[in-house]
Amino acid sequence: MDRVSSFDEPLKKLLGGATAKVMAEHLDLHTVGDLLHHYPRRYEERGKLTALADLPLDEHVTVVAQVADARILMFNNGRGKRLEVTLTDGSGRLQLVFFGHGVHKPHKELLPGRQAMFAGKVSVFNRKMQLAHPTYQLLDVSDADEATEAVDAFAGRLLPIYPACKQLDSWRIAKAVDAVLPSAQDAVDPLPASLREGRGFTPLPEALLKVHRPQTKADVEDARARLKWDEAFVLQVALARRRYADTQLPAVARRPTPDGLLDAFDAKLPFTLTEGQEKVSKEIFDDLATEHPMHRLLQGEVGSGKTMVALRAMLTVVDAGGQAAMLAPTEVLAQQHHRSITEMMGELAEGGMLGGSDRGTKVVLLTGSMGMAARRQALLDLVTGEAGIVIGTHALIEDKVQFHDLGLVVVDEQHRFGVEQRDALRSKGKQPPHLLVMTATPIPRTVAMTVFGDLETSVLDQLPAGRSPIASHVVPAKDKPHFLSRAWERVAEEVENGHQAYVVCPRIGDDAEEAEGKGAKKAKAKKAAPEEDPEKRPPLAVLEIADELRRGALAGLTVEVLHGRMHPDEKDDVMRRFAAGDVDVLVATTVIEVGVNVPNATAMVIMDADRFGVSQLHQLRGRVGRGSAPGLCLLVSEAHEASPARARLSAVAATLDGFELSRIDLEQRREGDVLGQAQSGVRSSLRMLTVIDDEEVIAAAREEAVAVVAADPELEQLPELRTVLAALLDKDREEYLDKG
């Protein structure tokens, strides 16, 4: 069998149709290679030999003992069989039990007087200690040395525990792995020989044997180190090749024009840019001036001024004769961006209009819920080039939206957009437009390298001058109800001092929501917070809390609501009045999470805060403290003090560093959620590597990958690496990387 094809061999050829079907349907394992890369999740030590008198409950043990008695019992009117075996080792007695078809072999072998080793988990049944279905090995007591050797080998062995499913348990997977393990010799090694030798890695076939059938813990460490490197390196090579291919694409260079729109805008700014904004702007301007498309990720702390940096990039492109599009995840955010950008630009945003600047351009908004006339005018302004800047939701992606000359796409809050949407907008340029992706959720460096590895990264970590600190506190509403009363007093005090406040709830609480089906809601709530009691009340709702506050703690104040199911005009009206200071307290869902900018809002109370993720809480908190007055964020929770949910809230209260919080978030959730559906290709290729724990591996692999691709972009000298890449980048993953 040739080297590649044994890995491509369908499992049904080796394992039989039924097992192969379960593996394909429930574990997504189809070939020999898939199964060899289905690594054990952990290893059970069979345990040092334990005397029967000292057996610990609920632990895996290995015992050597003599069979004192064995009997078959019938139950269920003779339809069921149970084999009960009593063991003795001189220190105590232990019962073994085998059921169903599993009774025949032990009934023949475990005869009174026979000695054997038994391994299993200790449980209690009818107040007696027992092992159910233990694995065992008979000992030949006539040869004492051989028996001792067998005991040592059996007791000391590491048992691989595989990720399994209800239809196929770990030991059956282990048996299937035994059947395909000889094919490990045919593994195609993706690492270039120089790299493998330079870093002293175990050869790949040996690593596969060691990970599945380790003799010692050192074997496991060896194998893991090697297999992690393979994953990190192959993925980083794929991304490095993507970046290299992008440098080969044509794009129109967009250079700033002296005395153009950008200079006019900078001249009217009432403040100076931070050092960070200047530095990142330069990186972006340098990229825009090249004749291949920029692909840059701009990540920054909440409120670090990313929108300002993005706007200056858009003005540069307009100066250079192109158009810029900003894609926002929600209508509220698109409207907010449109409002803040037109306000920042003033008469420069009224090009071609009465009173507009002769250096100005038109800034248009395009969302799905706009009226026909406004929509038609916006589309016309885009196709004629009258509008230099357009801000919109995914409505921008529709086929009928045509641009005169699209030069730059800015995507806000990347993690809410699938790569397909990003790609659809990019395809609207005559040549590929430049791309700037903004995210306000700081991403640990390794995740950025893994998920957004095809983008160059810029980081804004300074807050603009005049930003105020935000004090955060956990309010334990259940243990200390008077703390909640005090929280509402604090909100009233802020309003009395001329400021405004947000109250955030996880749910809307209207009839439409209830009608969606309580079961689904409950399931969602459970999923969001696994440690919670399923009997817990439903999450607090905007409409109910707003009513309570109007009637009670905040009576006399102007309390308004904002949520995603309101009509867009209604939402816009509420936001305008809140921004103008006509509303004291805004009770909202997470629609205010990103981009909403009301400097006069100084306090935020987050109800049922434990039902939100760490990054989301950090995002929400970033809506206050945006002016000169200090911010206050109160995290209200009924979670128990010792629960993981409360630990999460304490972490958020303890630091304002988004990068630190994103790390905590990732450690708690692991990478499944973080990589998200849009990045499913990457996620499914990571079996051994954990993005959060293997920072050094990922960084080193990226360096090696960049060097390899720079020296040999087509990998002509590395056929093995090409083969493995082709296997990794099946259709879905190839598309994922293409669209990145």
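Anyway, here's the lowdown on the structure attached to this text. Predicted, not measured: the structure shown is a model, and the values here were computed from it. (Residues numbered from 1 in each chain as written. Predicted model: local features only at pLDDT ≥ 70, side-chain atom pairs only at ≥ 80, totals over all residues. Heavy atoms only, no water.)

## With respect to the overall build of the protein chain
Part 1 of the argument: A tally of helices and strands in the protein chain yields 30 helices and 21 strands.
Part 2 of the argument: By residue count, 52% of the 740 residues in the protein chain fall in the buried class.
Part 3 of the argument: Expressed as a percentage of contacts within the protein chain between residues at least 6 apart in sequence, the contacts between residues at least 24 apart total 74%.
Part 4 of the argument: Per element, the accessible surface of the protein chain, about 33,300 Å² overall, is 51% carbon and sulfur. (Helix = DSSP H or I, 4+ residues; strand = E, 2+ residues; numbered from the N terminus. Buried < 20%, exposed > 50% of the residue type's maximum accessible area, 1.4 Å probe, protein only. Contact = heavy atoms within 4.5 Å. Areas by Shrake-Rupley, 256 points an atom, 1.4 Å probe, with all protein chains shown as cover.)

## Let's talk about unusual backbone geometry
Part 1 of the argument: Phi at Arg-127 takes a positive value of approximately 65°, unusual for a residue other than glycine.
Part 2 of the argument: By the element assignment, Arg-127 lies in the loop between strand E5 (115-125) and strand E6 (128-132).
Part 3 of the argument: Unusually for a residue other than glycine, Asp-259 sits at a positive phi of about 60°.
Part 4 of the argument: As for its position among the elements, Asp-259 is in the loop between helix H10 (217-248) and helix H11 (261-267).
Part 5 of the argument: Overall, Asp-259 belongs to the exposed group, its relative accessible area being 60%.

## So, the sheet that holds strand E19 (residues 585-588)
Part 1 of the argument: With parallel pairing, the six strands of this open sheet are ordered in space as E16-E21-E20-E17-E19-E18. Unpaired on one side and paired on the other, strand E16 (470-476) and strand E18 (559-562) mark the two borders of the sheet. Within the sheet, the average angular offset between the axes of one strand and its neighbour, ignoring direction, is 20°.
Part 2 of the argument: Those strands touched by helix H24 (residues 644-654) are E16 and strand E21 (631-637), and its axis lies near 160° from that of E16. (Pairing = 2+ DSSP bridges. Axes fitted to C-alpha atoms, helices over the stretch in contact; angles between N-to-C directions.)

## Quick word on the pattern of salt bridges
Part 1 of the argument: Tallied over the full model, the rule gives 34 salt bridges.
Part 2 of the argument: Taking the shortest distance from any N to any O, the salt bridge between Asp-287 and Arg-296 comes out at 2.8 Å. Residue Asp-287 shares its accessibility class with Arg-296, and that shared class is buried. (Salt bridge = Lys/Arg side-chain N within 4 Å of Asp/Glu carboxyl O.)

## Details of the pairing of strand E13 (residues 406-412)
Part 1 of the argument: Here E13 lies mainly inside the structure; seven of its seven residues are buried.
Part 2 of the argument: Note: E13 against strand E14 (residues 434-439), five bridges, orientation parallel. Paired with Val-411 across the bridge in E14 is Val-437.

## Topic: helix H18 (residues 481-496)
What sets the pattern is the α-helix's 3.6 residues per turn: residues three or four places apart point alike.
Part 1 of the argument: Between its terminal C-alpha atoms H18 stretches 23 Å, which fits the 22 Å expected from 16 residues at 1.5 Å a residue.
Part 2 of the argument: Residues of H18 that are buried: Ala-487, Trp-488, Val-491, Glu-494 and Val-495. Axial view of H18: buried residues confined to an arc of 115°, hence all on one face. Facing away from the buried side of H18, by more than 90 degrees, are the exposed residues His-482 and Glu-496.
Part 3 of the argument: On the buried face of H18, the contacting elements are strand E17 (500-504), helix H21 (542-551), E19, strand E20 (601-606) and E21. (Expected span 1.5 Å × (residues − 1). Arc of directions from axis to C-beta.)

## Focus: the environment of Ala-313
Part 1 of the argument: Turning to its location among the elements, Ala-313 is positioned in helix H13 (residues 306-319).
Part 2 of the argument: Overall, the relative accessible area of 0% leaves Ala-313 in the buried class.
Part 3 of the argument: In the structure, Ala-313 is positioned 31 residues away from Lys-282 in sequence and 9.7 Å away in space, judged by C-alpha atoms.
Part 4 of the argument: Not counting residues up to four positions away in its chain, the partners in contact with Ala-313 are Ile-284, Phe-285, Leu-288 and Leu-408.

## Examining the side chain of Thr-86
Part 1 of the argument: Summarising the element assignment, Thr-86 is placed in strand E3 (residues 80-88).
Part 2 of the argument: Relative accessible area serves as the criterion here: at 19%, Thr-86 is assigned to the buried category.
Part 3 of the argument: The contact partners of Thr-86, leaving out residues within four places of it in the chain, are Gln-66, Val-67, Ala-68, Asp-69, Arg-93 and Leu-94.

## Some thoughts on the sheet that holds strand E12 (residues 387-392)
Part 1 of the argument: Spatial ordering of the open sheet is given by E11-E12-E10-E13-E14-E9-E15, a layout of seven strands whose pairing is parallel. Strand pairing shows two members of the sheet lacking a second neighbour, strand E11 (362-366) and strand E15 (456-460), which therefore form its edges. On average, adjacent strands in this sheet sit at an angle of 20° to one another, irrespective of strand direction.
Part 2 of the argument: Pairing of E11 with E12 involves five bridges; the strand directions are parallel.

## Concerning a nonpolar patch on the surface
Part 1 of the argument: Together, Leu-57, Val-124 and Met-129 make up a nonpolar patch on the protein surface, roughly 240 Å² of accessible area in all.
Part 2 of the argument: Within the element layout of this structure, Met-129 appears in strand E6. (Patch = residues over 30% accessible without salt bridge, like charges linked within 9 Å, V, L, I, M, F, W, Y side chains within 5 Å.)

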